[in-house]
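Okay, here's what each chain looks like letter by letter:
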Amino acid sequence: ILTQTLFSPPEFVDILEDKRHCNDLRFAFRTFSPPPYKGAPACSSAELNQAVLESQYLRYVIKEVALETESSVEEVRDKVCKIMWEMSQNLQLRFIRLMAFTFRKVFKRLFSAIYVNMEGLQALQQATQEFPVILMPNHRSYIDFLVVSYILFNYDIPVPVIAAGIPLAGMKIVGEILRRSGAFFIRRAIGSDKLYWAVLSEYVRTIVRTGFAPLEFFVEGLRSRTLKSLPPKLGMMNMILEPFFKGEVYDITLLPISISYDRVLEESLLAHELLGVPKPRESTAGLLKASKVLQENYGCMHVNFGRPLSVRQLCEGKINRCQYNLIPRDLPQKPNAEAQACGSWLAHMIVRLQEEGALTSPWSLMACILLQVPTTVLTEEGLLFHQLTEQTLWLRQLALDFRAHLSWPDSDVMSSTVALHRSVVYRKAGRVYLTRNDELERKHSIVPEDDMMRTAAAFLMLASYRNQCLHVFVRPALLALAMSIRKSTRKDELLTCFCFLQEVFSNEFVFIPGKSSQDFDEACSLLHECKAVHVSQWEVTDSDTGLEVLSFLQELLKPFIESYQLMFRFLCEERDCVFREKDFLSGVRTLATKLIVSGELHTYEALSSDMQKNVLSSLRRLGAIIKIEISENNEYKVNKSAVRRTGDMLGKCSKSPPPRSHQHPDIFWVFFIFFSCCSWKNPSADCPGCT
Amino acid sequence: MKWNGWGYSDSRFLFNKKGQAEFTGKRYRLSGMIIPGLKDWMEGTFGANLQHKTQPVLNTSAVQPPMLNEAFVEELKSTGIPFSHEADDRVFRAHGHCLHEIFALRDGKIGRVPDMVVWPNCHNDVVKIVELACKHNVCLIPYGGGTSVSSALECPPEETRSIVSLDTSQMNRILWIDEKNLTAHVESGIVGQDLERLLNESGYCTGHEPDSMEFSSLGGWVATRASGMKKNIYGNIEDLVVHIKMVTPRGVIEKSCQGPRMSTGPDIHHFILGSEGLLTAIIKILYLRDHEKYSESLIDMQKLYHGLSSIFTSFLDGLKKFYITKFKGFDPNRLCVATLLFEGAREKVLQHEKQVYDIAAKFGGLAAGEDNGQRGYMLTFVIAYLRDLGMDYYVIGESFETSVPWDRVLDICRNVKARIIRECKDKGVQFPPLSTCRVTQTYDAGACVYFYFAFNYRGLSDPVHVYEQVEHAAREEILANGGSLSHHHGGTTS
């Protein structure tokens, strides 16, 4: 542990090693005296709820809803009270202490260290005194949920109220403990429930307005099953920004927090979930059962508190606040296009900052390497350990060139990393093999599909760990991909292709909307700096020394290309133009399984339900499929020629499915531009087969 | 009158040999008094150091020679209207009381000034002057009391024509009082305090009392849409004016009768009120009210924002101070003082007083008595003198005001004050600025809020520019928070 401390970036401090509070109990009962918020007097949870219930805004909405539903105001008011009762937090220091006590015990067992950057904490402590603070961590594990509160309690910073999913509230006892530790609970599918939206938004706004406590929420909306950043959800973001836009607070501080795990507690659960095994419902019993995960070691955890961001500064010139002057601020008012764009930009930027603040682990780099090795090598022959080591070190240098923050503990890092992840790989006689679940018991499985599922789970775990560092490489990789697809050196053509790839993969990788050309420039300069390409004013050409980097980057995205191509092919080969989401998922799964077993498909990621759903949203965005609104089963209508064209544009870089022959590849691009223009205007006009 | 500062030459704040703050002269209730807290307040709030004193440069020789339009001068002579092109007359009328104007004067910098000054004696003189000005292509700038804070008196430096300042100070008579209709016909040059004194002699008043009423003129009030401290009882200038006669280059505008309200298209008065310096002369009639004995009182409330309140407590005598700060537990630095003036018939005053005191009691406030009220009321008149004291010690400051709906008052106060502090820091101001505010006028639908902003400018190369940048930012903040650009100062600057 000492060496780890030495080699971790200097500003990080291990809070578990903190000698001042050796005794857990004494730690839990430490004097907690955060500096008070200067903006408004402190108020209790009950007063907060009262303020929400009595707000002009809710009174107005209650009357409206009563009129619409032809019920009495009292009835609607009762509903509001029920919603509040279900939603509201009840933050109490006693429970924070209880939480701190338990967590300390648990954390000490699970993690060898929890690193926190002190500089970030000091800035945060300062910020909490000035303006309402919004803590915005990424969400990779259930652990994220209270770890921030734990750290803040440790360092005399006001503990936050936390937006949580309603299933957590349903857990016996635990739900109540969470509530008293500051969690408030939000229903999952709110849809068009006007009353619920009203209560929720007023509750959130009141917390911000009164500076009740820092507000913590996951801008990605939910836990990322793939350990990749998710496109941000904007509803909460817009609610939070409103008090600033309306001048009710002078400023709001946004604080991105990057939580990085060496090993994620839920790793195998996630992989199975992606393979279609339903997630166990959150329950206290389940939690107790899960306690066997406590037996294992999960390495280190890094919590990197980002620089506090002033909403006021960021929004300068982007928002005309006068627009709120002509309507009473208490009345419901949908954010206009300008405000929404601003919220979306901020949310995406936060995700980017979370990515930049994340620490890349050696294991994540290893996963990149391992996924580029032929499957059979990992499952049968085994990969030479020293080969893995060498390549990982090579990749480490590339990651550093691409400005990644690494957590690179000590010289023995390779062995200890492999040892830590024995759930995925193991080392035997100088070679590395894939660990397959229950391998010893069912060694001689008769059904190849069963065997395949076990391999798939391991591969999806690997893929998830690769995803942890994907953000480091994604921009240069998209450029490398564009270069191989277009076979062109002209910058403008590459940019068009780059944008197209961003568009197709915008559910896979998060990019700030409207910043494609900056992303492109960034990719150019990163590749240029590591001498993989030459960049001139009009051209990007690959250099002799850059082949290794470029082909690595192309290979890195290959699973995505192959999986997308496969699903496009599936859609085009279907007889019908209308399909149900359920049938699509199972159909793709069957096809992919078949192709993997036959050796035609080289990636297991096509089996991931996450990627399957992403393909659907991507095609919807491109206008190649249309959701049929009237249907309850998520039915889609497909425009096969559009899907085929999109597939063709993804290029011939993958071997399967076989590319269709076209004499004039440039025609695709004309098509793409033309097609994306018209498909936005009239998405339903382009399906000749089905009417 | 001072030529490079506010008000009477004999009245000023200074620090005497013992280092105590003193207000000189005999004109005000504060005159001759020692203000014990002021020194500490200046030092504490601005980091001002009494050792560092600026020296105003008095140099009138820098004034450029007048550029006269000979033909105009010749014809003017034949009318017999008095005029002058002496340097000091011209400099005196070349500025209002914007910070940059006074700062430049104290620095000895004199830019473009009027080339001559004329003193019309009556309405017909004004008509003649305007005719001649049109005929000979001469610029006219009307001048009343010289208290403008909208740069309306500034001569455009690029102006090549001869500039003539039309000083209305000689048109200062009440022509008649109509006791049946409670109106009076008054010339535009009359200064507020004279108007009030003369009306009082006949048992009337207008009730229009802007902070500048000692110096500002009736014509100026109309030209800027002025508002006074007693507006809740008497109304703003637009409520007081019944009839206006205005001389324009194209002739004289006036209504044909004195009916209190008309419904014949848009009210022509509303093109005139607030038109800021575009007018030449205004003659008008005011509502009069019975003038009654008034009583005055004062209330303070806890937990609001601290401004000049520590000065207030320094006035309190020992026992009272002990009672307020120790017994009642008010912190002199976090005390909020409200000066309230009750005016009208005795019953009404008592009734009002009771209502207000009841509200105050509900929020932990208490009445501080009439004496303090009188002093507090007086403070509003001497605040401008404080600005000059500050300038002696490297402190510059200004006030600006806005009107805003009630629900936004607290938000706008907080946000604008915070913005000022933030901007000062960004612009390199070395000392924490004074950034405070008060509500001065109230309406059913909102209130007028005054912001006071001042800072110690030692270490800055161009303090006025910094000041203007910060004020601009503050105004931007006001607009973004649903406030107006101005409630009554006028808005041609910024």
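Residues numbered from 1 in each chain as written. Chains lettered and ligands numbered in written order. Predicted model: local features only at pLDDT ≥ 70, side-chain atom pairs only at ≥ 80, totals over all residues. Heavy atoms only, no water.

### A closer look at the pattern of salt bridges
What counts here: The working definition used for a salt bridge is a side-chain nitrogen of Lys or Arg within 4 Å of a carboxyl oxygen of Asp or Glu. Secondary structure elements follow DSSP: runs of H or I of four or more residues count as helices, runs of E of two or more count as strands, with numbering from the N terminus. When a residue's accessible area, from a 1.4 Å probe over protein chains only, is under 20% of the maximum for its type it is buried; when over 50% it is exposed; and in between it is partly exposed.
A complete count under the given rule lists 56 salt bridges over all chains for this structure. Of the charged contacts in the structure, one is a salt bridge between R329(A) and D407(B), with a shortest N-O distance of 3.4 Å. Taken as a pair, R329(A) in the loop between α15 (311-315) and α16 (337-357) and D407(B) in the loop between β18 (395-405) and α15 (409-426) lie in two separate chains rather than in one. With a relative accessible area of 7%, R329(A) lands in the buried category. The salt bridge involving R112(B) is made with D115(B); its shortest N-O contact spans 3.2 Å. A network of salt bridges, in which partner residues are shared, links R312(A), R321(A), R419(B), E423(B), K427(B), E476(B) and E477(B).

### Concerning the side chain of T360(A)
Residue and element names in this part refer to chain A. The criterion, for reference: The contact definition used throughout considers only heavy atoms, calling two residues in contact when any of these lie within 4.5 Å.
With respect to the secondary-structure elements, T360 resides in strand β10 (residues 359-360). Classification of T360 as buried rests on a relative accessible area of 3%. Those residues in contact with T360 that sit more than four places away from it in its chain are L365, A404, H405, L406, S407, C469 and V472.

### Examining the UniProt feature "binding site: substrate" (unreviewed entry) in chain B
Quick reminder of the rule: UniProt positions are given in the numbering used here, feature names are shortened, and annotations may be inferred rather than shown by experiment.
Per the UniProt record, "binding site: substrate" (unreviewed entry) is found at R387(B). Residue position: R387(B) is located in helix α14 (residues 370-392).

### A look at the domain arrangement of chain B
Residue and element names in this part refer to chain B. Short version of the rule: The domain limits used here are those given by an automatic or database domain assignment. What gets called buried area is simply the loss in accessible area from a 1.4 Å probe that two parts show on being joined, summed for both.
Per the domain assignment, the segments making up chain B are domain 1 (60-167), domain 2 (174-287), domain 3 (291-376) and domain 4 (393-481). Distance from the C-alpha centre of domain 1 to the C-alpha centre of domain 2: 24 Å. If you look at the interface, domain 1 gives 14 residues, while domain 2 gives 16 residues. The largest contributions to the domain 1 side of the interface with domain 2 come from H123, P142 and T147, which together make up 41% of the buried area.

### Describing the UniProt feature "binding site: FAD" (unreviewed entry) in chain B
All names here are of chain B. Rules: Each polar contact in these results corresponds to two N or O atoms within 3.5 Å; when the atoms are within protein, one needs to be able to donate a hydrogen and the other to accept it, and residues that are neighboring in sequence are counted only if both atoms are side-chain atoms.
In the numbering used here, UniProt assigns the feature "binding site: FAD" (unreviewed entry) to P142, Y143, G144, G145, G146, T147, S148, T224, R225, A226 and S227. Here G145 lies in the loop between β6 (139-143) and β7 (163-167). Classification of G145 as buried rests on a relative accessible area of 17%. Excluding residues within four positions of it along the chain, G145 makes contact with F215, S216 and S217. The topology assignment puts S227 in the loop between α7 (218-224) and α8 (231-234). Given the relative accessible area of 4%, S227 is considered buried. Residues within four places of S227 in sequence aside, it is in contact with H208, P210, N236, Q441, Y443, H487 and H488. Among the polar contacts listed, one links the side chain of S227 to the side chain of N236, at a separation of 2.6 Å.

### Observations concerning α15(B)
What counts is decided by this rule: A helix is expected to span 1.5 Å for every residue after the first.
For α15(B), spanning 18 residues, the distance from its first C-alpha to its last is 26 Å, which sits close to the expected 26 Å at 1.5 Å a residue. If you check which residues of α15(B) are buried, you get V409(B), D411(B), I412(B), C413(B), N415(B), V416(B), K417(B), R419(B), I420(B), E423(B) and C424(B). If you follow the buried residues of α15(B), they end up packed against α15 of chain A together with β18, β19 (434-442), β20 (446-456) and α16 (463-480) of chain B. Positioned one or two residues after α15(B), G428(B) has a phi angle of 90°, which is positive.

### What to know about helix α5 (residues 73-87) of chain A
Residue and element names in this part refer to chain A. Applicable threshold: Directions from the helix axis toward the C-beta atoms define the arc.
For α5, with 15 residues, the first-to-last C-alpha span of 21 Å sits near the 21 Å given by 1.5 Å per residue. Restricting attention to buried positions, one finds in α5 the residues V76, V80, I83, M84 and M87. Angularly, the buried residues of α5 cover 100° about the axis, an arc narrow enough to put them on a single face. Among the exposed residues of α5, those oriented more than 90 degrees off its buried face are E74, K82 and W85. Structurally, α5 contributes buried residues whose contacts are with α3 (45-53), α4 (56-69), α10 (174-180), β5 (183-186) and α11 (194-210).

### What about the UniProt feature "domain: Phospholipid/glycerol acyltransferase" (unreviewed entry) in chain A?
Those places that UniProt annotates as "domain: Phospholipid/glycerol acyltransferase" (unreviewed entry) correspond, in this numbering, to residues 133-262 of chain A. Secondary structure across residues 133-262 of chain A divides into 38% helix and 19% strand, with the first and last C-alpha atoms of the span separated by 28 Å.

### Observations concerning the sheet that holds strand β4 (residues 83-84) of chain B
Residue and element names in this part refer to chain B. Worth spelling out the cut-off: Two strands are counted as paired when DSSP detects at least two bridges linking them. Between the N-to-C directions of two axes lies an angle of 0 to 180 degrees, each axis being a line fitted to C-alpha atoms and, for a helix, fitted only over the stretch in contact.
If you walk across this open sheet you meet the four strands as β4-β5-β7-β6, and the pairing is mixed. The sheet is open, and its two edges are formed by β4 and β6, each paired on a single side. Strand direction decides the pairing type here: strand β5 (residues 116-118) and β7, joined by three bridges, are parallel. By the bridge assignment for β7, V118 is matched with L166. Contacts from helix α2 (residues 70-79) reach β4, β5 and β7, with the element oriented near 25° to β5.

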